[in-house]
Every structure is written in structure tokens, then in C-alpha cells.
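Descriptive analysis of the structure
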Amino acid sequence: MDLVLIAKALLLAVVEGATEFIPVSSTGHQLLVGHFIGFHSPNNTFEVLIQLGAVLAILYAYFGKLWGIATRLPNDPKARRFVGAVLLAFLPAAIVGGLFSKYIKFYLFNPWIICATLVAGGLVLLVIDDMVGEPKATPEGESHTDTVESPRKTDVFEFSLPMALKIGAFQCLAMIPGVSRSGATIVGAMLMGASKRSATEFSFYLAMPTMAGAFAKDLLDNYKNLSSDDALLIVIGFVAAFVSALIVVRTVLDYVSRHGFWLFAWWRIIVGSLGFAGLIIFG
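No experiment lies behind these values; they were computed from the predicted model shown. (Residues numbered from 1 in each chain as written. Predicted model: local features only at pLDDT ≥ 70, side-chain atom pairs only at ≥ 80, totals over all residues. Heavy atoms only, no water.)

1. Section: the overall build of the protein chain
What the protein chain contains, in helices and strands, is 13 helices and 2 strands. For the protein chain, buried positions account for 47% of its 283 residues. Taking as baseline every contact in the protein chain between residues at least 6 positions apart, the subset at least 24 positions apart corresponds to 80%. Summed over its atoms, the accessible surface of the protein chain is roughly 13600 Å², and 69% of this surface lies on carbon and sulfur atoms. (Helix = DSSP H or I, 4+ residues; strand = E, 2+ residues; numbered from the N terminus. Buried < 20%, exposed > 50% of the residue type's maximum accessible area, 1.4 Å probe, protein only. Contact = heavy atoms within 4.5 Å. Areas by Shrake-Rupley, 256 points an atom, 1.4 Å probe, with all protein chains shown as cover.)

Next comes the structure, spelled out in C-alpha cells:
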């Protein structure tokens, strides 16, 4: 196989894993990088299938928590409500994606749209990040925030079913490439009253059924078109996406708790702006 093609696939996979669980749009980054390095797969199948590496990374990182939830399900109403909340939040994207994914790929997977949504999403994230403060201890031992209203939910297990459904509706916005699945769910959760950390953690749990569903659907739609060369590229991409995603999952919650989302917001704005410049100059 062409070593240049392998290098391109490896780069795309690292980008996928590194950006999947932070609010910068992994799909948008993959499509922009693929556009400028000249990597294209039919129906973007490679880009979707390597998401399995990122899915397994979060399953691996969260195995202890997931096992604990599973063992508590028969006797713990709180665990059952949480599982129900995640599944309910997954439902809107499952319906919209199942009905319209082909049309979305055909009409919206465009580098100009991606650049626009990257910049717009960055501006939204800056505003929301400034609105939602994190609790901080005062000298007297009391807590306060830097904003007028304190986040109401700091524990993902306390998210109500209606709140989860609304977050799931926000996730549907991520069908537009460049919006970001994690970004849409995080912004939705914070608007519903979640803290930055709990909003990010809920996006992790919601990613599991959402990304697994996207993988299964794309594999079912395109498996007949895959060749042995495609399989090798996907395996390479899977491993690279797994490693880079695992690093991010294990570090991003603490980072968000301390610093918020301003870095990701400005990253989106800069990447989108550079993308516009590249499209104008290079096409």
C-alpha cells in the first residue's frame, strides 16, 4: 500500500481521536484536513468507521464506572434513571440521523460550511463559557461563582429525563459538520443548568450510544464497497484514534474544571478562519 496514503490516514485518525471528545468538531477537522491533504473516502466511510477506536477508548477509560452502573441497575433507581436519561438523550439523534444522514452528507459536507460553523460555534462557546461559572471556595468556606447564577447540576446522575431529552435535541445540531457533537451537547447541558464538568462528562456517556450507532449504520450502508486495502487503513486509523482519544478522555475533565472552554472556542475560531483563508487561496 502507498505509504503516503497510510500517513494521511494516520494523520486523520489522530485528529479524530484528539478532537472527538472536545467541543471543536472532529468531523469538521477531519473533512478540512482531508480536503487540504487530498484524502477522500467514498461517503466519508473511513472517517466514520475509525470512530470505533474513539468509542472503545472511552469504554476502556470508563469501564469501572460503567460496570458499577450495570451492577446497580436492579436495585438502584438513580442508576436506572441515569441510563434512561442517556438513552433518551440519544433518541433524537438516532431518529434524525436515521432519516436524514444521506441528505446531510450530500448537502452539508462542504468545507465552506464547516469553516462557518467552526467560527460560529467558537463564538457561541465563548459566550456560554463566560455565562456559566464554576463553584469556588471563599475564605469563609462558602461557595460562589463568577457569574450571577450558579450551575444547578454538578452530578450527571442528577440530570432529569426532560433535561436529558433537551440535551439530546441539541445534539442533533451536530449533524451539521463543524458544529461538534460534544460541543452541541455541552452547550445544551450548560444552558439547562449543568456545570462545565458535568456537561462534559454527560457528553462522554452520550457519545457511547451515538458514536456506536453511527458506526454501525455506516458499516451496514457501505460494507459491500470496502476492499482489503480499506480494511488495512481502517485498522491503522482505529489504533491511532483509540490512543489519541484515550489521552484526551483521561485529561479533559480536569482541564475543563480549571480553565473552562475558552481555549477550545478560540481554537475553533482560528481553525475556521485559517480554513477560509486556505479555501480562498488554494481552493
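After that view of the structure, there is still more to cover.
2. Description of the packing of helix α8 (residues 161–171) against helix α9 (residues 181–191)
α9 packs onto α8 with a crossing angle of 145 degrees between their chain directions and a minimal axis gap of 8 Å. Where α8 crosses over α9, the handedness of that crossing is right-handed. Across the interface between the two elements, Met163, Ile167, Phe170 and Gln171 of α8 pack against Arg181, Ala184, Thr185, Gly188, Ala189 and Leu191 of α9. (Axes fitted to C-alpha atoms, helices over the stretch in contact; angles between N-to-C directions. Left-handed = near helix turned anticlockwise from the far one by under 90°.)

3. As for the pattern of salt bridges
A side chain of one charge can pair with a side chain of the opposite charge if their charged atoms are brought near each other. Evaluated as defined, the whole model comprises 8 salt bridges. Where Arg181 meets Glu20, a salt bridge forms, and the shortest distance between an N and an O atom there is 3.6 Å. Of this pair, Arg181 sits in helix α9 while Glu20 sits in the loop between α1 (3–19) and α2 (26–37), placing them 161 residues apart in sequence. Given the relative accessible area of 10%, Arg181 is considered buried. (Salt bridge = Lys/Arg side-chain N within 4 Å of Asp/Glu carboxyl O.)

4. Here we look at the packing of aromatic side chains
This model, assessed by the stated rule, comprises 13 aromatic pairs. Measuring from centroid to centroid gives 5.7 Å for Phe21 and Phe204, while their planes differ by 80 degrees, and the two rings are edge-to-face. One end of the pair, Phe21, is in the loop between α1 and α2; the other, Phe204, is in helix α10 (residues 196–222), and 183 residues separate them in sequence. Overall, Phe204 belongs to the buried group, its relative accessible area being 0%. By the ring-pair criterion, three or more aromatic residues cluster together here, those being Phe21, Tyr62, Phe82, Phe157, Phe204 and Tyr205. (Phe/Tyr/Trp six-rings, centres within 6.5 Å; stacked < 30°, edge-to-face > 60°.)

5. Side note on the nonpolar core
Ranked by internal contacts, the top residues of the largest apolar core, which has 46 residues, are Phe21, Tyr62, Phe82, Phe202, Phe204, Tyr205 and Phe264. The leading source of residues in this core is α10, at 8 residues. Phe82 has contacts with Ile69, Val156, Phe157, Phe202 and Tyr205, leaving out every residue within four places of it along the chain. Ala9, Ala13, Ile50 and Phe215 belong to the second largest nonpolar core, which has 11 residues in total. (Core = buried A, V, L, I, M, F, W, Y, C linked by side-chain atoms within 4.5 Å.)

6. Some thoughts on the confidence of the model for the protein chain
On average, residues of the protein chain score 88 in pLDDT, and 90% of them are at 70 or above. Contacts for the low-pLDDT stretch residues 136–149, under 50 throughout, to residues beyond four places or in other chains number 17 contacts. (pLDDT = per-residue confidence, 0-100.)

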